[in-house]
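Residue-level structure breakdown
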Amino acid sequence: MSTTQVGVKCSCGSDKFEMPKNPKASDTIKCSRCGASGTYGNVMRQATSQAKTAVEKQLKDMLRKAGFK
């Protein structure tokens with residue numbers, strides 16, 4: 001089994017954020033590059049959705065390689 005890491009990225013492409021230690025869902029975080037901000041909870045929900053999509057794509061690709069359609 002292979003391991004893939006999915007990082008959280010801002011719409012500007014940066015993966016660097018300014019946030020408090022041990023953030024809570026309601027805490028505001030800010031992109032270090034462009035200054036866009038949002039709540040930690042919203043960003044984590046988006047990250048979860050992106051990770052799920054990536055895993056689904058990998059699974060479909062593996063099944064296709066195994067001969068399933």
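Summary of the structure given here. (Residues numbered from 1 in each chain as written. Predicted model: local features only at pLDDT ≥ 70, side-chain atom pairs only at ≥ 80, totals over all residues. Heavy atoms only, no water.)

1. What about the pairing of strand S2 (residues 28-31)?
Of the two faces of S2, the one lined by Ile29 and Cys31 is fully buried and the one lined by Thr28 and Lys30 carries no buried residue. Where strand S1 (residues 17-18) meets S2, two bridges bridge the pair, whose relative direction is antiparallel. Considered in S2, the bridge of glutamate 18 is made with lysine 30. Direction of pairing for S2 relative to strand S3 (residues 37-39): antiparallel, over a ladder of three bridges. Among the inter-strand pairings, threonine 28 is bridged to a residue of S3, identified as threonine 39. Between S2 and the antiparallel strand that follows it, S3, lie five residues; glycine 35 among them carries a positive phi value of about 85°. (Buried < 20%, exposed > 50% of the residue type's maximum accessible area, 1.4 Å probe, protein only. Helix = DSSP H or I, 4+ residues; strand = E, 2+ residues; numbered from the N terminus. Pairing = 2+ DSSP bridges.)

2. Looking at the pattern of salt bridges
Summed over all chains, the structure comprises three salt bridges. A salt bridge links lysine 16 to aspartate 15, with the shortest nitrogen-to-oxygen separation between them at 3.7 Å. Lysine 16 gets classed as exposed once you look at its relative accessible area, which sits at 52%. Of the charged contacts in the structure, one is a salt bridge between aspartate 61 and lysine 57, with a shortest N-O distance of 3.0 Å. Note that aspartate 61 and lysine 57 are positioned in helix H1 (residues 40-65) at a spacing of four residues, about one turn of the helix. Taking the relative accessible area as the measure of exposure, aspartate 61 reaches 26% and is therefore partly exposed. Judged by relative accessible area, lysine 57 falls into the exposed class, the value being 52%. Beyond isolated ion pairs, a larger network of salt bridges with shared partners links Lys57, Asp61 and Arg64. (Salt bridge = Lys/Arg side-chain N within 4 Å of Asp/Glu carboxyl O.)

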